[in-house]
Amino acid sequence: MVDSAIDSYAQDSGIPADSETGSEAAETGETGSGDLIELGPDVFAGRNVVVISVDTLGANWVGTGYTLNLDGILEESVQLQNHNCSTAWTPPCMASLVAGSQATDLGTDILGFGSGVGFNVVPDSRTLFPEILQESGYSTYLLTENSLFGGGTNTGQGFQTYVNSDVTSGKGALTADVTAFAAQVVTLNATGTPFLAWFHPIAPHTPYIDADQDAALYAACTDGKDELPDDVSLYDDKMSEVVADAWDSYDDDTKSNIVDQVTCAYGAQVAWTDEVVFKNLWEELLSSGAFDNTVVVLVSDHGEELNDHEGEWGHNRHAYGVLNHVLGAFWAPDIAPQTVTIPTNMGDVAPTLLGALGLEVSPDMTGSAVWEIPSDRIQDFYACDMSGKTHYAALNMEGVKQHRTPQGNVETYDIFTDPEETGTASTVTDADLQSAIDTLRITAQDEEWCGGN
């Protein structure tokens, strides 16, 4: 089970042991719900599955006052505290999730940039976990607000019903989509047939002021503040790219004003998303009984850079934790709450879920169930900003993450003490991490990821 696996890592490698375990909760009787189930093989066999994957929500915004409803859910969940995506863009992160593999293991199928294409799709040969559920008798349903997850990238394999509510430029449909998703889950639950229902809301992706929100939410962000530069708008889907490209041209006061207003607006959208999804949607599904025989997966695809590193905005521009460190958790009405502290990867979610459901993991999935992650595993990371700048990193189970920046510099961080990697880096080099970076770099160049740089 998870406890024994984590404890062995703590003894062998110095990785912190879990701060709370399901066993302790069950022994104290504090839940009042009888025996709780620890995450492990076969424990949720036959249950329904709901997945909520929030676009552009970095783990650094969780638990900071903006996600009060989500925080309450996480207290009742198995939370993956150091969960990562191997890159920082929706297509490879979501492909990693459904394919049960690190994004970098999927190669040019996701990370290659072809002329006039932007990205390549997941090949039909990959077995995705929605396909496994469908083959096991599950009804499968996806409502996505971002077509970069779904039909546009072939990550929609295995969904019998695929609803594309793509509103990337302007958004504005979250409230309506929450209503539609809740109704579909209730309908699926009433059939008595096991189901997978997946919702991918795009908020808090830019634009940070959403047509579906109460404008009063932004009063504190803009009222009494200096006007933003003419080319910067909180309503613009490309705002982060504009700011990043022009950053060096702004004076210090303008930079400070941009950081203030944009960070405030992003935070307001995080809080609004938390209210609509993790309060309104959650309470409706909970009260309807749709969660009674269900395991829920909570993830995000990547974070958002808001000048956490000088002049860096948006996502897919580098491989620091502010973008790679993401939400990851499993919830069920009778699950034993636990904090898993070992580094996990988006590619571990499918093997963990399939194992807990008592289903076979596809042999082409390179991730591991959290109770089976080897203590010597190294995750690798890759970023391409689409202008030819590539950033590589590698992370071991002791929490040491080493980078090769686009400038060729070595930077090393401890993700247990600095998970977003916004502090001061060291230049200490680990031979195994360097080897992983070198191997990934050779692959990227040979297969011409990001133009072969």
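Description of the structure in this document.

1. A few points about the sheet that holds strand β14 (residues 410-414)
And step 1. In spatial order, the strands read β11-β12-β13-β14; together these 4 strands make up an open sheet with antiparallel pairing. In this open sheet, the two edge strands, each paired with only one partner strand, are β11 (378-384) and β14. Sheet twist, expressed as the average angle between the axes of neighbouring strands with direction ignored, equals 20°.
And step 2. As paired elements, strand β13 (residues 400-404) and β14 share 5 bridges and run antiparallel to each other. Paired with K401 across the bridge in β14 is Y413.
And step 3. This element, helix α13 (residues 431-446), spans β11, β12 (390-396), β13 and β14 of the sheet and lies at about 140° to β12.

2. Notes on the sheet that holds strand β6 (residues 294-300)
And step 1. Judged by pairing direction, the sheet is mixed, and its 8 strands sit side by side in the order β4-β3-β5-β1-β6-β9-β2-β10 without closing on themselves. The sheet is open, and its two borders are formed by β4 (161-164) and β10 (338-345), each paired with just one other strand. Going across the sheet, the axis of each strand differs from the next one's by a mean of 15°, ignoring polarity.
And step 2. Packed onto the sheet, helix α4 (residues 90-99) meets β1 (48-54), β5 (195-200), β6 and β10 and runs at close to 165° relative to β5.

3. Topic: the packing of aromatic side chains
And step 1. In this structure the tally under the stated criterion is 16 aromatic pairs.
And step 2. Summarising the aromatic geometry, the rings of F149 and W198 are spaced 5.2 Å apart at their centres and angled 50° between planes, so their arrangement reads as tilted. With a gap of 49 residues between them, F149 in the loop between β3 (139-144) and β4 and W198 in strand β5 connect regions that are remote in the sequence.
And step 3. Residue class for F149 comes out buried when judged on its relative accessible area of 0%.

4. Focus: the environment of N396
And step 1. Within the secondary structure, N396 sits in strand β12.
And step 2. Taking relative accessible area as the criterion, N396 reaches 9% and is therefore assigned buried.
And step 3. C-alpha of N396 to C-alpha of D380: the two residues are 16 residues apart in sequence and 8.9 Å apart in space.
And step 4. Not counting chain neighbours up to four residues away, the residues in contact with N396 comprise P343, R377, I378, D430 and L433.
And step 5. A distance of 3.0 Å separates a polar atom in the side chain of N396 from the backbone nitrogen of V400.

5. Re the state of the cysteines
And step 1. Under the counting rule described, the total for this entry stands at 2 disulfides.
And step 2. Disulfide pairing is shown between C85 and C93; the S-S distance is 2.2 Å. Classification of the bridge connecting C85 and C93 rests on its S-S torsion, roughly -110°, and on that basis the disulfide is left-handed.
And step 3. Here C85 falls in the buried class, since its relative accessible area comes to 0%.
And step 4. Exposure remark for C93: the relative accessible area of 0% places this residue in the buried category.
And step 5. The disulfide that involves C221 links it to C264, with 2.0 Å between the sulfurs.

6. Considerations on α4
And step 1. Within α4, 10 of the 10 residues are buried, which leaves it mostly tucked inside the rest of the structure.
And step 2. Where α4 is concerned, the buried positions are T90, P91, P92, C93, M94, A95, S96, L97, V98 and A99.
And step 3. Positioned one or two residues after α4, G100 has a phi angle of 65°, which is positive.

7. Quick notes on the pairing of β5
And step 1. Along β5, 6 of the 6 residues are buried, which leaves the element largely enclosed by surrounding structure.
And step 2. Of the two faces of β5, the one carrying F195, A197 and F199 and the one carrying L196, W198 and H200 are both buried.
And step 3. Two elements, β3 and β5, share 6 bridges in a ladder whose sense is parallel. Of the residues in β5, the one forming a bridge with L143 is F199.

8. What to know about the nonpolar core
And step 1. In this structure, I52, F181, F278, L281, W282 and L298 are the most contacted members of the largest nonpolar core, which totals 56 residues.
And step 2. Tallying contributions element by element places helix α10 (residues 252-288) first for this core, with 13 residues.
And step 3. Ignoring sequence-local partners within four residues, the contact set of L281 consists of I52, V178, F181, A182, F199 and V276.
And step 4. Ranked by size, the runner-up nonpolar core spans 48 residues in total, among them V49, V299, A369 and V370.

About the criteria used
Residues numbered from 1 in each chain as written. Predicted model: local features only at pLDDT ≥ 70, side-chain atom pairs only at ≥ 80, totals over all residues. Heavy atoms only, no water. Pairing = 2+ DSSP bridges. Helix = DSSP H or I, 4+ residues; strand = E, 2+ residues; numbered from the N terminus. Axes fitted to C-alpha atoms, helices over the stretch in contact; angles between N-to-C directions. Contact = heavy atoms within 4.5 Å. Phe/Tyr/Trp six-rings, centres within 6.5 Å; stacked < 30°, edge-to-face > 60°. Buried < 20%, exposed > 50% of the residue type's maximum accessible area, 1.4 Å probe, protein only. Polar contact = N/O pair within 3.5 Å; in protein donor to acceptor, adjacent residues only side chain to side chain. Disulfide = S-S within 2.5 Å. Core = buried A, V, L, I, M, F, W, Y, C linked by side-chain atoms within 4.5 Å.

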